[in-house]
Structures are given as C-alpha cells and as structure tokens.
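Each chain, written out:
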Amino acid sequence: MYITISKAIFQPLILLLSCLGVGLPVLRLILPDCRDLKILLFLGVAVGSGIIGVYSLGCSFLGLVYPLTFWFITGVGLLGFLYNARELYSSAQATINAIFKEANVIVNCLLVILLILYYDFFLASLAPVIAGDAYKYEISKLIVKYHKMVVRPEWLLADMPNLLGMLFVYSQSIFDFDSIKIVCFIIGFSFCLGSYVLARRYLSREGALITAILITLIPPFYQELYEPYIEVGWSLWGLAGIYLILHLLEKKSTKLGPYLLGGFLLGCAASGKQFAPIVVMAVCLLILLPFRQHKLNFSFYNRLKISTILALTSFFIVLPWYLKSYIYTGDPFYPYGANFLKTTSEFLSAQVASRVFTITATYDPLSSNPLRIPLFLVFWTFPILYKPFEPYWIHPFILAFLPLYFLTSRSASIRDRRLWFLALSISIPIVFLSPLIRFCYIPLTILTILALGVYENLSQKYNIKASFLLALTVYLIFSLGTVFHKTTHTLSYTFGLVNKKEYLLQQAPRWANNPNIGLELWLADHLPPEAKILISGLSGWMGFFTERERWDMHNLEAYLKWHHLEDNEANLIKVLKDHRLQFIVFYGTHMDKFYLAQKFLDMYQAGKIKKIYAAANNRGANEITYILQVY
Amino acid sequence: MSLTKRSASSIPLISCLISIWIIAVTAVFLMGIIFLQYQKILTSPLIQQLFSLFGIHP
C-alpha cells in the first residue's frame, strides 16, 4: 500500500476541519439563525476556504510561507471547530433523523449513488497529480519553494494564483504536493452540497438529489474533484455568494454584516478568472432590477446601497489582482481593459488571442483558422463540446425540459425569474468569451434546477414519471460507466499494485498533448533537477515534471510580443539568460504552431545554440523532438 | 410534487408526446456523445458484430 493512514485519514480531516473551523465562527457571528447542517457545511467550507486563501495570499506577500505560519491557522481552525462541535452535532442528529424518517426507495438509491461516487473520487484524489491547471499549481509550487510571492513575468494573465491556488500553497506547506488534490475534493464536494442546498429551496428532496448527481456527473466537473483544476473553486464561492444573497433578500435582512460576507464570497469568486467578475455584476444587477421577489421588500435606494456594498467589498478582495495587472501590463482589467484604455487597433492582446481563439477553434470541426469562428456554432457545439481525448458534455435534461417551460409557465412552481436572469446573464458572456463547460458550473447548476422544476410541474399534470426515470437511468448507467472507467486506474496506485513512477508511466499516454513519454524520462534522468526548461506543449501534464520549473513557449511568445522583443535574436537570448532558461524542448510538429520553435531551429542551424538531443519519437519521423542548450 | 407520488390526473396524448420527447432527447444526446467522443466504440469488433446483425454498416 502506498497510501498511508496519514494520507488517507489525517490529511483530509485536518484540511476539512480547518476550513470548517475558520468558517463556522464567522457564520455563527453573522448568521446566528442558520442551523441546518448542510447549509452550515456548505457555507462553512466556502467562507473558511476563502479566509484561508486570503490569509495565504497575505503570508506570501509578506514572505512568510513557512509550515509554522500555516500550522498556526490550522490550529485556529481546529479550535474554532471544537468550539462549534456541539452545535454541529445537534444539527447532524436532526439531519440524520430526517433522512431516516422521510426516506423512500428513490431517495435511498440516489443517496447510495452519491456516496459511491464521492468515495470513488476520494480514492482517486489520493493518487499523485497527473494533470491540472498548470498556471495555478505551478505557481503555488514556486511560492512554497521560495517562501514568498513569485512573479512569472511571462504569465501576463495568471502570474498570481487565485484563492484556490493559495489554498494549494497552504496544503503544500503543511503536507506534501499531492495533498492539493484533497483540497480540490473538499471544494468539489462542497459545491455538490451547495447545488443540493440551492435546489432544495425550489425542489423536492428527490429533485435536489438528482440535481446534485447530474452536476457531479458533468465530465469536467468530476475531473476537477480528483485533479487540481481551479474552476470549481471560484464556482463554489460564486454559488455560496448567490445563495447567501438570495437568502438575505428573502429574509428582508438590512444588516450590514451578512452583505459584507456575501461581497467577500463574490470577491473570492471574482479573483478566479479574468471573466469571473461577471458573477458579481450579475448579482449586483439582479438586486438593482425590480424583480417581484424583492422589489416590495426593498426600496430602490436600499437596493442601490446593497449592490454598492457588494460591489465595493468584492472589488476590495480582487484589488491585488487588478494592481498586479496594472503594474505588469498598464491595464488593471487585463486583457479586457485593452478595449477602452488603449488604442482600438489592439483589440485583444497577444495572449488572449492565442488562448481564447485557439481554444474556440478546437471545438469547431469545420474550420482550422482561429479567426474564423462562426459564433452561432458555439451554441450547437456547447452541449456536447468536442474536445479531443477528453469527455466534455452537459446532461440531456436541460435540453429536454427547458424548452417545455412554456407548458408550465402559468403554474410554475419555480416562479423565481431571478434564476433565469442569473443563469443567462452569467452563461451568455462566458459562452461568447471562452466556451468551455468548466467555466459554467454556476449557470449549469441553476439551469438544472430550472429543468427539474419544469419536470416536477409537468409531472403534476401529465403522467411522465416512468419515461423520466427510464431516461435518467440510461443516462446514469452511461455516465457512471465513464466515471468509473476514468477513475478506476487510480486504484492500482491506491491499493499498492504499482509505484509512483509506474503509475505516471501508465497514465502518460492518456494525455493527448504528451506525445513522447520517453522524452520526459530522458529529461528526468539527464538534466539536473534545478535546470529550468522552455517547452512547447505539455502544459497540462504534470507527470515527471512535478519538481522541475518550466516555461511554456506560448507564454514566452506573448511576453516577447507584449514587450516588442520578438524580432531581435540578441534580445531573445538575453531574455532566456535573464530568466535562467537553460534548455529548450520542442517537437517538430510544433514548428507551425510556435514561431519561436522555427526561430530556435534556425539559430541552432546557424550555430548560435547547441543541440544536445534530437530524435524521432514513437509517432513517426515527422515528429522529431529537439532539446537545445542556450548556454 | 414528489417523484414517487402518482400524478393527480393525466392527459394521455400530451403525456405520451412529452414522454417520447424526453426519451428521444436523451437518446439523441447519448448518440451524439458516442459519435463525437467515443468513436472507437463504434469500430470495436463487438459493436461491429451487433451492427452487422441488424444489417447496418456505418
């Protein structure tokens, strides 16, 4: 067995309890009447992880990233948990009693499915890191290595991790690198709980459980439960903020504290991605618009006040990221400020053009030209996005039930039009900016709730239960099959059948952008571990590069373009030397993808840099791998 | 309305149409996923045998 008791029990428990223990006292202080276990767990983890993230960010700015600093906040969290343990115990008793009293066959089946699913994801999250959001785990690794905030100038967009990245710093400091997957599991589980809690406001218990299962089974979502991606983090904070604001508006609360907490959560969400502030804008607009549910309870002046408080609090949380962008690029809202702060000719900067448009082009099977994106294609490719080698789809019940909304619109049980507003105002900009399902967990949750609301309405009038259960069962069998197919391979490591190196070797071919596993082994064996490399591709793959610092060729191209250094070879060599980039690795097939690859090959042929390795890999003679040494 | 309770009244034609719609959307959706994401499944020997059993040659 490679999984020790510490890894399987001690680490997850400490991480969960410290998040909860930091969050619960704040919740008790601000929302004293909140006693429901699931709401306490959901909001407790969201608030606690947000606070720990901000704490880690502060520590990294002060250069205090040491285990002792983080054990201090862990101790505070454990004390906070003990202080609230009695309260939690009594609400847990009430919840368990309610489950046993009101359970029926379908509820039991759904609960068992959820338990098995999350047990599987938990086991999968104990294995070593295979892949993830490179820009966040890489930088968190460097922050832990250098004990302070690290700047990677070539990552114009993401040289400072968001708050989930700061949680990675926290868990790495007190445990090891692979524990960041456990943080992801805890955050993802809380999101699932949050979708249940939000759904339970509008739906029956079964409907809410089905919502939680359907959200869990969206492929990029469950992948984020056992690999270190960061989308689910900001989605959790966004969902918690939205839930809290809806709750406060319903309670007609006029106190300042709860709205400040809501603003804090929304601010945490807004730090997640460059377009994540859309969530804050949507919520502020929601409060300002005269929706029937809150326009009688709050005057326009009050609503203006609330939305101003929310906007200012969240802006205060995101301020470090805006300052960072301003210092490095001159545009605080980089890259979106380029439109109105700079000349209009520079519509989108180099990095966004290379990221967003190439991503969009991948989903367009008809066109290989990134600038020819037919926007209407986005809508039909979105539900079943084609991303090579990765499963990527939403579930069919949104498509099945939402078009039938008009049949029930007069007697709809979900009369809350604010849900429609939130779902559409968050999802439509994201779909246009960067159409990936993993950016849309919040709107997808809301749309799922609406779809199941339509179903529950229809089933009051028409006899459609059997067909729905049939469709649900077929979909569940298919999705669970894919989930277990994706996760069972981790069990071979968890139960000690293979060691870490064998496990990484097994997993390597699953990743499309990793054509040459031999290369990685060669690099691991021949280059000193502290040597930095510049590499084309491989950005999502961790594998054998867990310890090694590396730069992505994509980002270096953007950096050079931003600083107008791309034409001069002497400048290029100077940049490489300044940043101690000693080795360059690229594939022959990347010649037309990266102009730098062609440039380096020319420089090698002119004798300006030397070659230390070049070989055709297992895909054929066209794909030659070059390793060049700059100095 | 709970999923487990029987519906209060039923209008057979519309119930039937909605049922067909739900199952059709799910089926088309799953087929779309299999075509786009799991094309290997379609070319596997077992599925090929099944296809040839029904006289289909995709």
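This structure is a prediction, so every number in the text was calculated from the model and none was measured.

## Here's the deal with the overall build of chain A
Then comes step 1: Per the secondary structure count, chain A includes 27 helices and five strands.
Then comes step 2: Burial statistics for chain A: of 631 residues in total, 47% are counted as buried.
Then comes step 3: Summarising the internal contacts of chain A: among those between residues at least 6 apart in sequence, 74% fall at separations of at least 24.

## Some remarks on the overall build of chain B
Then comes step 1: What chain B contains, in helices and strands, is three helices and zero strands.
Then comes step 2: The buried share among the 58 residues of chain B stands at 14%.

## A word on the confidence of the model for chain A
Residue and element names in this part refer to chain A.
Then comes step 1: For chain A, the average pLDDT comes to 81, and 82% of its residues sit at 70 or higher.
Then comes step 2: Long-range and interchain partners of residues 342–374, a stretch whose pLDDT sits below 50, account for 42 contacts in this model, where long-range means more than four residues apart.
Then comes step 3: Confidence drops under pLDDT 50 across residues 511–515; counting only partners more than four residues distant or on other chains, this segment forms 16 contacts.

## Let's talk about the packing of helix α2 (residues 37–62) of chain A against helix α3 (residues 67–102) of chain A
All names here are of chain A.
Then comes step 1: Closest axis-to-axis distance for the α2/α3 pair is 11 Å, and the angle between their directions is 175°. Relative to α3, the element α2 is oriented roughly antiparallel. Along its contact with α2, which presents Leu-37, Lys-38, Leu-40, Gly-48, Ile-52, Tyr-55 and Cys-59, the element α3 presents Thr-69, Ile-73, Gly-77, Leu-88, Ser-91, Ala-92 and Thr-95.
Then comes step 2: Of the residues in the contact of α2 with α3, the class split is eight nonpolar, five polar and one charged.

## Section: helix α22 (residues 465–494) of chain A
Residues and elements named next belong to chain A.
Then comes step 1: Counted at 1.5 Å a residue, the expected span for α22 with its 30 residues is 44 Å, and the 40 Å between its end C-alpha atoms agrees.
Then comes step 2: Maximum bend of α22: about 30°, positioned at Thr-488.
Then comes step 3: Taken as a whole, α22 has its buried residues at Ser-467, Phe-468, Ala-471, Leu-472, Ser-479, Val-483, Thr-487, Thr-490 and Tyr-493.
Then comes step 4: Where α22 ends, the next residue or the one after it, Gly-496, has phi of about 80°, a positive value.

## A few points about the packing of helix α10 (residues 231–250) of chain A against helix α11 (residues 256–270) of chain A
All names here are of chain A.
Then comes step 1: Look at α10 against α11: their axes get within 7 Å of each other, and the N-to-C directions meet at 155°. It follows from the interaxial angle that α10 and α11 lie roughly antiparallel. The element α10 and its partner α11 pack so that their crossing is left-handed. Residue-level contacts link Trp-234, Trp-237, Gly-238, Ala-240, Gly-241, Leu-244, Ile-245 and Leu-248 of α10 to Pro-258, Tyr-259, Leu-261, Gly-262, Leu-265, Leu-266, Cys-268 and Ala-269 of α11.
Then comes step 2: For the contact of α10 with α11, the per-class residue count stands at 13 nonpolar, three polar and no charged.

## A short note on the environment of Gln-582 of chain A
Residues and elements named next belong to chain A.
Then comes step 1: Structurally, the position occupied by Gln-582 is in strand β3 (residues 581–587).
Then comes step 2: Each C-alpha atom of the pair Gln-582 and Gln-629 lies 5.9 Å from the other, and the pair is 47 residues apart in sequence.
Then comes step 3: Ignoring anything within four residues of it in the chain, the contact list for Gln-582 reads Ala-531, Lys-532, Gln-629, Val-630 and Tyr-631.

## Comments concerning the pairing of strand β1 (residues 532–535) of chain A
Residues and elements named next belong to chain A.
Then comes step 1: Both β1 and β3 contribute to a ladder of four bridges, which runs parallel. The partner of Ile-535 across the bridge, within β3, is Val-585.
Then comes step 2: The pairing of β1 with strand β2 (residues 550–552) spans three bridges and is parallel. Opposite Leu-534, over in β2, you have Trp-551 as the bridge partner.

## Quick word on the environment of Lys-501 of chain A
Residue and element names in this part refer to chain A.
Then comes step 1: Within the secondary structure layout, Lys-501 lies in helix α23 (residues 500–507).
Then comes step 2: The partly exposed category is assigned to Lys-501, around which 13 C-beta atoms lie within 10 Å.
Then comes step 3: Separated by 20 residues in the primary sequence, Lys-501 and Leu-521 have C-alpha atoms spaced 9.9 Å apart.

## As for unusual backbone geometry
Trans peptide bonds make up the majority, and among non-glycine residues the majority have a negative phi.
Residues and elements named next belong to chain A.
Then comes step 1: Backbone geometry places His-147, a non-glycine residue, at a positive phi of 65°.
Then comes step 2: Along the chain, His-147 falls in the loop between α5 (134–146) and α6 (163–174).
Then comes step 3: Phi at Arg-580 is positive, roughly 55°, even though this residue is not glycine.
Then comes step 4: Tracing the backbone shows Arg-580 in the loop between α26 (569–578) and β3.
Then comes step 5: Judged by the 12 C-beta atoms lying within 10 Å of it, Arg-580 is exposed.

Reading the values: rules and limits
Residues numbered from 1 in each chain as written. Chains lettered and ligands numbered in written order. Predicted model: local features only at pLDDT ≥ 70, side-chain atom pairs only at ≥ 80, totals over all residues. Helix = DSSP H or I, 4+ residues; strand = E, 2+ residues; numbered from the N terminus. Buried ≥ 20, exposed ≤ 12 C-beta atoms within 10 Å, placed from the backbone. Contact = placed C-beta atoms within 7 Å. pLDDT = per-residue confidence, 0-100. Axes fitted to C-alpha atoms, helices over the stretch in contact; angles between N-to-C directions. Parallel < 35°, antiparallel > 145°, perpendicular 65-115°, else oblique. Nonpolar A, V, L, I, M, F, W, Y, C, P; charged D, E, K, R; others polar. Expected span 1.5 Å × (residues − 1). Bend = angle between axes of the 7 residues up to and from the residue. Left-handed = near helix turned anticlockwise from the far one by under 90°. Pairing = 2+ DSSP bridges.

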